[in-house]
Amino acid sequence: MIFSMKFYDCKTAPSPRRARMFIAEKGLEIETVQVDLAAKAQFEPAFRAVNPRCTVPALALDDGVVLCDNASIARYLEEICPEPPLLGRDPVEKALVAEWLARVEWEGFMGAAEALRNRSDFFKDSALTGPQPYEQIPALAERGRQRAAAFFTVMEQRLAEANYLAGDAFSAADIAGYAFVDFAAWVKLKPEPELTHLANWREAISKRPSASA
């Protein structure tokens, strides 16, 4: 299915990967523009005109509206293309998808991001995303590693009782969780071998076509 939109992506970055996987799971074809974060292209005037937050992903609709967050992009695409459902099929499942998306974002992604952005020289003057410069706080790097590592165990416990993070169906929560586990490797964090439910879940998702999108 082809839609008249423009997706701003960075193939190497974890956050737009979530949107890219969501788009692939929906079977959508959307014009894509690569934003070179390594060259700090997100701060150039051309992209600032698209998204003043200077972040990807961003989805520009044909009416001029630009969605600049994974949550808003997923919600919009779910509304215009409800099958397959990725944000839940009934009230309880929708609530659980929202809950696990929030937990992956806050407990997982934010921990790994703290570890990376407060230690890497590349982020010396941009410890937080966006146009405003923020200095690094080295102590947050170690705390971030601890948070991200702890979330592996949280995921293991959840996946011991359910096939997927939100229950018995694959959802956007699993997309986020899968992207987080890969992102954590950027700060040299990997799930311990004894976390077998997490390993099996990750292996299953890696076989989905969207995992290589």
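Our structure's up above, just so we're on the same page.
About the criteria used
- Residues numbered from 1 in each chain as written.
- Predicted model: local features only at pLDDT ≥ 70, side-chain atom pairs only at ≥ 80, totals over all residues.
- Heavy atoms only, no water.
- Helix = DSSP H or I, 4+ residues; strand = E, 2+ residues; numbered from the N terminus.
- Contact = heavy atoms within 4.5 Å.
- Pairing = 2+ DSSP bridges.
- Right-handed = clockwise from strand over helix to strand, strands pointing away.
- 1 Å grid on protein atoms, 1.4 Å probe; cavity = no way out; pocket = protein on both sides within 12 Å on 5 of 7 lines; lining within 4 Å.
- Points joined across faces, edges and corners; volume = space filled by probe spheres on them.
- Nonpolar A, V, L, I, M, F, W, Y, C, P; charged D, E, K, R; others polar.
- Buried < 20%, exposed > 50% of the residue type's maximum accessible area, 1.4 Å probe, protein only.

Bringing the side chain of Glu114 into the picture now. For Glu114, the position within the fold is in helix α4 (residues 91–117). Those residues in contact with Glu114 that lie beyond four places of it in its chain are Leu140, Ala141, Arg143, Gly144 and Arg147.

The pairing of strand β1 (residues 2–9) with strand β2 (residues 29–34) spans 5 bridges and is parallel. Looking across to β2, one finds that Tyr8 is bridged to Val33. Tracing the backbone out of β1, into helix α1 (residues 14–26) and back to the parallel element β2 gives a crossover that is right-handed.

Looking now at empty space enclosed by the protein. Here the structure, examined in full by the defined rule, presents 1 cavity of 30 Å³ or more. By volume, the largest cavity is sized at about 40 Å³. Considering the residues around the largest cavity, the lining is formed by Pro85, Leu86, Gly88, Glu93, Val97, Ala166, Ala169, Phe170 and Ser171. Classifying every residue of the lining of the largest cavity gives 6 nonpolar, 2 polar and 1 charged.

This brings us to the side chain of Glu156. Secondary-structure assignment places Glu156 in helix α5 (residues 138–159). Excluding its chain neighbours within four sequence positions, the residues that come into contact with Glu156 are Glu194, Leu195, Thr196, His197 and Leu198.

What follows deals with unusual backbone geometry. The omega torsion across Val56 and Pro57 is 15 degrees, close enough to zero to call that bond cis. With respect to the element layout, Pro57 can be found in the loop between α2 (45–48) and β3 (58–61). Of note, the bond from Glu83 into Pro84 is cis; its omega dihedral lies within 30 degrees of zero at -10 degrees. As for its placement among the helices and strands, Pro84 is situated in the loop between α3 (70–80) and α4. Backbone geometry places Lys40, a non-glycine residue, at a positive phi of 60 degrees. In this fold, Lys40 is placed in the loop between β2 and α2. We classify Lys40 as partly exposed; its relative accessible area is 33%. For Lys188, which is not a glycine, the phi torsion comes out positive at approximately 60 degrees. Tracing the backbone shows Lys188 in the loop between α6 (172–184) and α7 (196–206).

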